[in-house]
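# Survey of secondary and tertiary structure
Here is what each chain is made of, one letter per residue.
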Amino acid sequence: NCQCELSNVSINQSKTGEVVQQKPVWNVTITNNCACSQLDLTLSCNGFQTVKPVDSSVLSKSGNECLVNNGVIVGPFSSVTFTYAWDTSFPFQTLSSTVNCS
């Protein structure tokens, strides 16, 4: 029995203390707080900017959306992390995912 929703995905950000091109580096942790896997997880990232490249296998931007983990499964109670550098933290929001209950 799998009751997962987008609200089960949490996004937490914190400054790492590192600076790139005079901009603070932010560490982002995306956590699947559910007993089922979620895949094809997308975030709203309209206007997202960074001076520190983000590994595209972790977060790839396409238009106003960002695909997490190349669309591959984020396991139960697992996290995906990445860092970026900008003046302020970006308000990432979950848009969609596919719940895998197998």
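Residues numbered from 1 in each chain as written. Predicted model: local features only at pLDDT ≥ 70, side-chain atom pairs only at ≥ 80, totals over all residues. Heavy atoms only, no water.

### Focus: the pattern of salt bridges
Taken as a whole and assessed by the stated rule, the structure comprises one salt bridge. Measuring nitrogen to oxygen at the nearest pair gives 3.3 Å for the salt bridge that ties D87 to K23. A residue pair is termed long-range when its members are at least 10 positions apart, and D87 in the loop between β6 (79–85) and β7 (93–100) and K23 in strand β2 (residues 23–32) qualify at 64 residues. Residue D87 is classed as partly exposed on the basis of its relative accessible area of 45%. The class of K23 is buried, set by a relative accessible area of 16%. (Salt bridge = Lys/Arg side-chain N within 4 Å of Asp/Glu carboxyl O. Helix = DSSP H or I, 4+ residues; strand = E, 2+ residues; numbered from the N terminus. Buried < 20%, exposed > 50% of the residue type's maximum accessible area, 1.4 Å probe, protein only.)

### Quick word on the nonpolar core
Grouped together as the largest cluster of nonpolar side chains are 19 residues, with contacts concentrated most on I30, F48, L59, F82, Y84 and F92. Mapped by element, the contributors of at least two residues to this core are β2, β3 (37–44), β5 (65–68) and β6. If we ignore the near neighbours within four places in the chain, the residues touching F82 are W26, N27, V28, I30, V54, V58, L59 and F92. (Core = buried A, V, L, I, M, F, W, Y, C linked by side-chain atoms within 4.5 Å. Contact = heavy atoms within 4.5 Å.)

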